[in-house]
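Take a look at the letters that make up each chain.
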Amino acid sequence: RAKQLGGDNVQLYSEDMQDGSLERLRLERDLRQALQRSSLQVYYQPKLCLRLNRITQAEALVRWPHPQDGMISPGIFVPLAEETGLIWALGEQVLYESCCQIAAWCAQGLEIKVAVNISAHQLRNDKLVDLVQKILAETQAPPHLLELELTESCLMEDASATRDIMHRLRNLGITLAIDDFGTGYSSLGYLQRFPVDVLKIDRCFLQEITSDEQPGTLTRAIVALGHGLGLHVVGEGVETAAQIAFLRRLHCDFAQGYYISPPVPATEFVQVLQDWQQSRAQALAP
Ligand code: C2E
Ligand code: MG
Ligand code: MG
Ligand code: MG
């Protein structure tokens with residue numbers, strides 16, 4: 001490949017570096033194009049309300065069907081979008097798509113609350129409040145059915161500007177969640193300083209729970225902390241019946257993970273919801 005490109009300067013770089021940066025440029029170009037064509041997709045992963053034993057919420061997770069490379073994971077292209085400034089356009093499309101979906105489900109008589117991931121780059125831009133307001137108005141999605149998931153890293157810098165944006169977002173009638181809780185490096189004090197409604201326990205804490213009798217000390221402590229502050233708590237990355245039973249015993253509010261369902265396209269979501277309700281009904285039948 002290096003030879004094909006020709007030129008002596010190629011020797012300045014190892015072949016790996018050369019390939020790496022070319023690969024990056026290619027992905028950036030393709031992502032730009034995907035955004036122009038609105039070809040990113042949004043999948044929805046159910047969140048189970050443990051009190052009702054019903055799926056009442058979902059998390060919106062972006063997917064990129066790449067023409068040559070197949071489905072690319074957001075773990076790869078979200079950081080790329082953040083570094084190249086494309087995150088704003090990406091975030092806008094996911095938000096718009098999610099709000100359209102909220103409204104579409106409402107029209108079918110389904111009230112599903114949808115949580116959209118927001119990166120620190122988006123939260124730093126005070127146009128975010130206007131954008132959310134505009135999209136809610138355009139799509140007619142009820143604000144109480146929209147949640148934004150922020151990571152702890154969002155709350156570390158420029159505290160007062162961020163707090164202001166968060167208050168203004170909440171004044172629109174939406175709720176705010178802290179994603180991957182427990183993996184950031186910020187002090188716990190921010191939980192009282194920032195307007196937050198929900199804590200999502202990072203899946204690494206649930207991974208230690210392999211049987212129903214395990215202590216799960218950190219998970220227990222995070223649920224107690226969240227409830228003590230009057231927040232709802234979601235357990236992420238639930239893969240086993242033991243983990244869900246454990247969260248139930250702690251009176252954790254929601255569970256999300258492959259055990260309930262992987263993220264699915266909107267067209268499959270209602271089926272997943274009905275299947276869950278049905279298998280529960282059967283389990284409870286005499
Ligand atoms: P996240 O927000 O913490 O989302 C949860 C991730 O865990 C998702 O990965 C989901 O598919 C995966 N997951 C769900 N249940 C399980 C389980 O039981 N076991 C395991 N091992 N994994 C599970 P995904 O979809 O690849 O997304 C990765 C990350 O990319 C997200 O982490 C989020 O930080 C980011 N992301 C996704 N969509 C967006 C978006 O629209 N905007 C922004 N800014 N970030 C996004
Ligand atoms: Mg999330
Ligand atoms: Mg998470
Ligand atoms: Mg994450």
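Residues numbered from 1 in each chain as written. Chains lettered and ligands numbered in written order. Predicted model: local features only at pLDDT ≥ 70, side-chain atom pairs only at ≥ 80, totals over all residues. Heavy atoms only, no water.

## Some words on helix α10 (residues 217–228)
Over its 12 residues, α10 extends 16 Å from the first C-alpha to the last, a length consistent with the 16 Å expected when each residue adds 1.5 Å. Those residues of α10 that sit buried are T219, I222, V223 and G226. For α10, the angular spread of buried residues about the axis comes to 100°, placing them on one side. Away from the buried face of α10 by more than 90 degrees, exposed residues T217, A224 and G228 are located. Taken from the residues just after α10, G230 is the one with a positive phi, measuring 80°. (Helix = DSSP H or I, 4+ residues; strand = E, 2+ residues; numbered from the N terminus. Expected span 1.5 Å × (residues − 1). Buried < 20%, exposed > 50% of the residue type's maximum accessible area, 1.4 Å probe, protein only. Arc of directions from axis to C-beta.)

## Observations concerning the coordination of the magnesium ion (ligand 3)
Within the protein, D179 (OD), D180 (OD), E236 (OE) and E236 (OE) serve as the donor atoms for the magnesium ion (ligand 3), at 2.1 to 2.4 Å. Between the donor residues of the magnesium ion (ligand 3), the gaps in sequence give the motif D-D-x55-E. What makes E236 buried here is its relative accessible area of 12%. (Donors = N, O, S within 2.8 Å, 3.2 Å for Na, K, Ca; no water.)

## Looking at the layout of surface pockets
Roughly 950 Å³ of volume is contained in the largest pocket. Every residue lining the largest pocket is counted, 32 residues in all, and those nearest its centre are E59, L61, P74, N117 and D179. Of all the elements in the fold, those that place two or more residues in the lining of the largest pocket are β2 (54–66), α3 (74–84), α4 (87–107), β5 (146–151) and β6 (175–181). Tallied by class, the residues present in the lining of the largest pocket amount to 12 nonpolar, 10 polar and 10 charged. There is about 230 Å³ of room inside the second largest pocket. In terms of lining, the second largest pocket is formed by 15 residues, of which the most central are Q57, K113, H144, H232 and F254. Of all the secondary-structure elements, those providing two or more residues to the lining of the second largest pocket are β2 and β8 (232–235). (1 Å grid on protein atoms, 1.4 Å probe; cavity = no way out; pocket = protein on both sides within 12 Å on 5 of 7 lines; lining within 4 Å. Points joined across faces, edges and corners; volume = space filled by probe spheres on them. Nonpolar A, V, L, I, M, F, W, Y, C, P; charged D, E, K, R; others polar.)

## A short note on the site of ligand 1
Around ligand 1, a shell composed of 21 residues is seen, among which R63, N117, D179, E239 and Y258 lie nearest. Between ligand 1 and D180 there is a distance of 3.0 Å, counted from an oxygen atom to a side-chain nitrogen or oxygen. When isolated, ligand 1 has an accessible area of 800 Å², and the protein chains bury 84% of it. Using a 2 Å cut-off from the grid points, one finds that ligand 1 occupies the largest pocket. Put simply, the parts of the chain that give the shell around ligand 1 at least two residues each are β2, α3 and β6. It is β2 that provides the largest number of residues to the shell around ligand 1, a total of four residues. Classifying every residue of the shell around ligand 1 by side-chain character gives eight nonpolar, six polar and seven charged. (Near = heavy atom within 4 Å. Polar contact = N/O pair within 3.5 Å; in protein donor to acceptor, adjacent residues only side chain to side chain. Areas by Shrake-Rupley, 256 points an atom, 1.4 Å probe, with all protein chains shown as cover. Sits in = over half its atoms within 2 Å of the grid points.)

## Considering the nonpolar core
Counting residues in each nonpolar core, the largest one holds 81 residues, and the members touching the most others are L31, L40, V132, L146, L148, L169 and F269. No other element matches the seven residues that α4 contributes to this core. Discounting residues that sit within four places of it in the chain, L146 has contacts with L95, C99, I102, K113, V114, V116, V132, L136, I174 and T175. (Core = buried A, V, L, I, M, F, W, Y, C linked by side-chain atoms within 4.5 Å. Contact = heavy atoms within 4.5 Å.)

## Brief notes about α3
For an α-helix, 3.6 residues make a turn, and residues three or four places apart therefore share a direction. Buried within α3 are the following residues: F77, L80 and A81. For α3, the buried positions fall inside an angular range of 100° around the axis, keeping them on one side. Facing away from the buried surface of α3 by more than 90 degrees, the exposed residues are G75 and E83. The N-cap of α3, judged by a side-chain oxygen 3.0 Å from the amide nitrogen of G75 a few residues on, is S73. The positive-phi residue at the C-terminal boundary of α3 is G85, with phi of around 80°.

## With respect to the packing of aromatic side chains
Aromatic ring pairs are reported here in terms of the distance separating the ring centres and the angle at which the planes meet. Summed over all chains, the structure comprises four aromatic pairs. Judged by centre distance (5.5 Å) and plane angle (80°), the rings of W64 and F77 are edge-to-face. Highlighted residues: W64 in strand β2 and F77 in helix α3, separated in sequence by 13 residues. F77 sits in the buried class, given a relative accessible area of 1%. Consider the rings of W105 and F269, whose centres lie 4.8 Å apart with planes at 40°: the pair is tilted. Of this pair, W105 sits in helix α4 while F269 sits in helix α12 (residues 266–284), and the two are 164 residues apart along the sequence. When its relative accessible area of 0% is taken as the criterion, F269 is described as buried. Here a set of aromatic residues connected by ring pairs shows up, and it is made of Y44, W105 and F269. (Phe/Tyr/Trp six-rings, centres within 6.5 Å; stacked < 30°, edge-to-face > 60°.)

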